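Structure at a glance
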Amino acid sequence: MPPELPSFLARFPAGSVVPQTGAGAPVDQETWVVRREVLLDLCRELHASRETRFDLLLEIFGMDYPEREQRFEAVYHLYSIPNGRRLRLKVPLAASDPTLPSVIPVWKAADWFEREAFDMFGLVFDGHPNLRRILTHEAFQGHALRKDYDAAKRWILTEDKIWQPRLEAPERGDSMFERMTINLGPSHPATHGTFRIVALVDGEEIVASEIEIGYLHRCMEKMSETHTWQQVIPYTDRLNYCSSFINNVGYCRSVEQLLGIEVPPRAVWARTILSEFSRIMDHVVANGSTLVDCGALTNFWYFYQCREEIYGLLESLCGARLTVSACRIGGLLADLPPDFVERSRRLLETIPPLISDVETLIDKNRIFLDRAVGVAAINGEEAVNWGYTGPCLRASGVGLDARKAHPYDLYDTVEWEVPVLRGGDVYDRYRLRMLEIRQSLSIIRQLLDRGVPEGPFVIDDPHVALPPKDACYNQMESMIYHFKLIMDGIQVPPGENYGFVEGANGELGFYCVSDGSGKPYRVRVRPPCFPIFSSFPTLIRGHGVSDVVATLGGLNVIAGELER
Amino acid sequence: MEVQGESWLTTKLDAFADWAQKNSFWPLPFGTACCAIEFMSTVSSHYDMARFGYEVVRFSPRQSDLMIVAGTITDKMAPVLKKIYDQMPDPKWVVSMGACACSGGFYRAYHVMQGIDEIIPVDVYVPGCPPSPEGLMYGILQVKEKVDRDRRALRRSKKNRKPKHAA
Ligand code: SF4
């Protein structure tokens, strides 16, 4: 039964906001089709009204349907933290005039998302202060995610075309220093990836800055459209490559929902455990690099040892350490190794001492406290407006965690809590991750105590999962199924679905659209660190250059996920 | 090189320079993506690349002689890579780590360079996505051998070179 429509909708002209119901409507979440003239007003109401309180803008992206009369569509995913409710807005746009109002006045998170939709689809957002390309380079022509853009058509960037920012900030009368513009990155040891930060400094203090990203835009979403559903899994590995397993789970869950299939309990159990191990891996890299950048190199070695141990476990399951591709639509790629429980238990013993070692060294360390406490702080309300999710949001006092708010897999069957801190600064982001590591360990321990559920590791459905190897070799029918699955891929029925998991960085969403052919019509990734990083210039304003370095690691911006 | 007696040896100066060079590379990690994480594993405690004399990881091109390109290079990054390569002093070597750096990997796409050898010369290609740390180490050890071979080749070519206006 669809949720009640808010009363303020009556004020909008008839036909300008049409909730989709009945046959053909998306079943995964409430969807409204909105005319662009009323979009900004509607968003203001949705954000402010007591009834709806959609305080979090998850993402904005474009869609392209060349055969439709109104070719383009801008899609908005909203979330209400107080009500736990989701809403999708779709704004159809004609190819001749793909303009619509910018919603930055309502949600600051819209800034980069709108630039991305402009870059990829050519949608023009009226009122956007800085509508230029964000992911592709300066010499790029055309809009890459449009259906008529050839996936392999490249453009060459030469040095003279590289963007040079002109930063301005009001002069202050009392400054004793000359203004200077400095450039960090895109190849800089402290950026841990490839971003470019250009900052205008007044003495040591940053008065304005701008970020350029896109140096690792690998066209993952376009590539997905040229592969079968199953073949997309390796691409998802390389989003947030510090915790690739969670990405696999997120994508597979979304497709499974679209197919309407149930994953066997054994696979769900293993997915939950390995997701938590991956979360630990991710958190130790985030914290480790924060500490390295503050000069505390030793901790990195301790932390890295955790990773090596977990790599061993993953390797025993799938043969790869980093880019695991260990999930399949409908389950896992292989059965768990016989010593899985034993190995995992051993990890539960080796990891805590390494974590405690770091805590002893760092938690009360004067040097680190001086570098971290109160640096780049953001309060909860601002963080939500900027589209934060995950550890960075929880460090600012908002306890949103998709594993608790919308439990999936086995998270509602174990006892654990969502750690929340209030400072919102570099120190709390570091502490919060340490607390979460302990929660993850506790989740894993409880699941291991339950024992491995019996049964198959992948769904027994020859239209989705490959039949067992010996059946392929010995039975005609299985061989045909194998052939069909490899050659044509899984036939996903037409429809759309937004599936999400709590990634290591926040809510990681996969919006999958199928047109019934063997390939995805569109796979859209909601990258959690994208909106977080867009707030970076605000975070560092008024701080020193050294604080930039200390802040970056804790935000855990992973280029693969940021730019896809 | 041969040792005479117990405490001194004779050699040619350039052979000595080679020997020193190949045993104390100062790598510049040009890490952009997932491969960079495996590069981190390689230098971390477990695999510890320092055992082969590579521990002085330098992020400044002017101080390094071995560039390890770890990760996907996009068209947006290409001019930066070229510039940094040009800033490294001679003699210099390049290791291309991973499928992406070698050939674009499985990104046959509108924004990805199809192998860094489109713009800079590469000495050793290390396949894998990502290569295991063992693989990377093997690749880097190949550079050692290449230092020797290159120098010999250089010497030979000098000897055979005809004066410019001879013909
Ligand atoms: S080769 Fe593979 S692991 Fe390495 S950067 Fe490319 S996609 Fe990532």
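Remember, predicted model here, so these are calculated numbers, not experimental data.

What about the domain arrangement of chain A?
Residue and element names in this part refer to chain A. As far as domains go, chain A holds domain 1 (5–126) and domain 2 (220–563). Contacts between domain 1 and domain 2 engage 32 residues on the former and 29 residues on the latter. Between domain 1 and domain 2, a total of about 2600 Å² is buried, with carbon and sulfur atoms accounting for 59% of that surface. Considering only the surface of domain 1 that becomes buried against domain 2, Arg86, Lys108 and Trp112 emerge as the three largest contributors, covering 25% of it. Linking domain 1 with domain 2 are six salt bridges, by the criterion used here. As a salt-bridge pair, Glu496 and Arg88 come within 3.2 Å of each other at their nearest N and O atoms.

Quick word on the pairing of strand β3 (residues 27–31) of chain B
Residues and elements named next belong to chain B. With four of five residues buried, β3 is to be regarded as a mostly interior element. Note that β3 and strand β4 (residues 66–70) share five bridges and pair parallel. Note on β4: the bridge partner recorded for Phe30 is Val69. Each parallel crossover has a hand, and the one from β3 via helix α2 (residues 34–43) to β4 is left-handed.

Let's talk about the sheet that holds strand β9 (residues 196–202) of chain A
Residue and element names in this part refer to chain A. Pairing within the open sheet is antiparallel, and its three strands lie in the order β8-β9-β10. Where the open sheet ends on each side, the last strands, each with one partner, are β8 (179–184) and β10 (205–212). When the angles between neighbouring strand axes are averaged without regard to direction, this sheet yields 20 degrees. Looking at chain direction, β8 and β9 are connected through six bridges and run antiparallel. Bridge pairing in β9 links Leu184 to Ile197.

What about the packing of helix α8 (residues 340–362) of chain A against helix α13 (residues 426–450) of chain A?
Residue and element names in this part refer to chain A. Running from amino to carboxyl end, α8 crosses α13 at an angle of 160 degrees, the nearest separation of the two axes being 11 Å. Classified by the angle their axes make, α8 and α13 are roughly antiparallel. Considering how the two elements wind past one another, α8 and α13 form a crossing that is left-handed. Mapping the contact onto sequence places Val341, Ser344, Arg345, Leu348, Ile351, Pro352, Ile355, Ser356, Val358, Glu359 and Ile362 in α8 and Tyr430, Arg431, Met434, Ile437, Arg438, Leu441, Ile444, Arg445, Leu448 and Asp449 in α13.

Thresholds, definitions, all that
- Residues numbered from 1 in each chain as written.
- Chains lettered and ligands numbered in written order.
- Predicted model: local features only at pLDDT ≥ 70, side-chain atom pairs only at ≥ 80, totals over all residues.
- Heavy atoms only, no water.
- Domains from an automatic or database assignment.
- Contact = heavy atoms within 4.5 Å.
- Buried area = accessible area lost by both parts, 1.4 Å probe.
- Salt bridge = Lys/Arg side-chain N within 4 Å of Asp/Glu carboxyl O.
- Buried < 20%, exposed > 50% of the residue type's maximum accessible area, 1.4 Å probe, protein only.
- Helix = DSSP H or I, 4+ residues; strand = E, 2+ residues; numbered from the N terminus.
- Pairing = 2+ DSSP bridges.
- Right-handed = clockwise from strand over helix to strand, strands pointing away.
- Axes fitted to C-alpha atoms, helices over the stretch in contact; angles between N-to-C directions.
- Parallel < 35°, antiparallel > 145°, perpendicular 65-115°, else oblique.
- Left-handed = near helix turned anticlockwise from the far one by under 90°.

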